[in-house]
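A look at the structure
So the chains spell out like this:
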Amino acid sequence: MIQEPTSSESAAQSDSESEATRRDAGAAESSRANRGWWDRNADEYQVEHGTFLGDDRFVWGPEGLDEVEAELLGPPEDLKDRRVLEIGAGAAQCSRWLAAQGARPVALDISHRQLQHALRIGGSFPLVCADAGALPFADASFDLACSAYGALPFVADPVRVLTEVRRVLRPGGRFVFSVTHPIRWAFPDEPGPEGLSVSASYFDRTPYVEQDEQGRAVYVEHHRTIGDRVRDIAASGFRLVDLVEPEWPAWNTSEWGGWSPLRGNLIPGTAIFVCERDDRG
């Protein structure tokens, strides 16, 4: 599930009464706010981005990097019969692609409405509505896990999510997740030239919050630097295998919020972390 970029007021357009600010937001507030935001905005999101995402493609980000080419989970022929957990699945496009390769995916999302779109498109795999910080699965019950812009940008405690993912993976299991590239936090979320000048500190980790008139958060996004992400991965018992920063391809002429060919050819927009459960020592 690729989220709309929200370091400006772009996401507030669908919650017109909300106010954009920067303030602390804990785990419970972030979870409640983002569940509600995705339930309210799932329909618009699928209408706007459904064609790009397709019904059964596995796209890692707005650049259009496809798992068919990237093979970050491994060669497609090796996915057969593998149990795969998709976190932040949205309409489960990635899970549908995995199922077509012979894998046995489970699509999990915090938003009930997003999963209704998964039901609308169809598929024979399970859909689970749950928080990524409390996965309702047994230990070592999956071979692989993946998340395309799902969950991790929206949680206050990413180590909790990563630790849960490690718990449900078998020894040596791989987890691959993509997020907005951390450097983008320093730039305005605009696709044009105005989005090319630094406007905030890369090191300011204060969450981006949209709140209603009573000061209740209706959307929360959390920032982690590259170093923070690497330390979170290590602290959770994973080993970082690769860090992929997709370049903007010539064929992609579309804009997605603050992503655009102009910006994509100059600064990275997506970071993909390839991790394996570390059972050494």
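Here the structure is shown first, and the text comes after it.
Let me begin by describing the structure that accompanies this report. (Residues numbered from 1 in each chain as written. Predicted model: local features only at pLDDT ≥ 70, side-chain atom pairs only at ≥ 80, totals over all residues. Heavy atoms only, no water.)

Looking now at the sheet that holds strand E10 (residues 270–277). Strand order in this open sheet of seven strands is E4-E3-E2-E5-E6-E10-E9, and the pairing throughout is mixed. Edge positions in the sheet fall to strand E4 (127–129) and strand E9 (238–244), since each has one partner strand and no second. Between one strand axis and the next, the sheet turns through 20° on average, direction left out of account. As judged from the six bridges shared by strand E5 (residues 142–148) and strand E6 (residues 169–180), these two strands associate in the parallel manner. Counterpart to Leu 144 in the pairing with E6 is Arg 174. The strands touched by helix H4 (residues 112–121) within the sheet are strand E3 (104–109) and E4, with E4 carrying the most contacts at an inclination of about 170°. (Pairing = 2+ DSSP bridges. Helix = DSSP H or I, 4+ residues; strand = E, 2+ residues; numbered from the N terminus. Axes fitted to C-alpha atoms, helices over the stretch in contact; angles between N-to-C directions. Contact = heavy atoms within 4.5 Å.)

Each α-helix winds once per 3.6 residues, and so residues spaced three or four apart point in a common direction. Of all the positions in helix H6 (residues 226–235), only Asp 228, Arg 229, Asp 232 and Ile 233 are classed as buried. Seen from one end, H6 has its buried residues packed into an arc of 135°, which puts them on one side. In H6, the exposed positions angled more than 90 degrees off the buried face are occupied by Arg 231 and Ala 235. Downstream of H6 by a residue or two, Gly 237 has a phi angle that is positive, lying close to 90°. (Buried < 20%, exposed > 50% of the residue type's maximum accessible area, 1.4 Å probe, protein only. Arc of directions from axis to C-beta.)

When glycine is set aside, most residues are seen to have a negative phi, and most peptide bonds are trans. Of note in the backbone geometry, Glu 71 takes a positive phi value of approximately 50° without being a glycine. Structurally, the position occupied by Glu 71 is in the loop between helix H2 (67–70) and strand E2 (83–87). Its relative accessible area of 36% is what places Glu 71 among the partly exposed residues. Although it is not a glycine, Ala 151 adopts a positive phi angle of roughly 70°.

Spatial relationships are all this shows, so hold off on functional conclusions.
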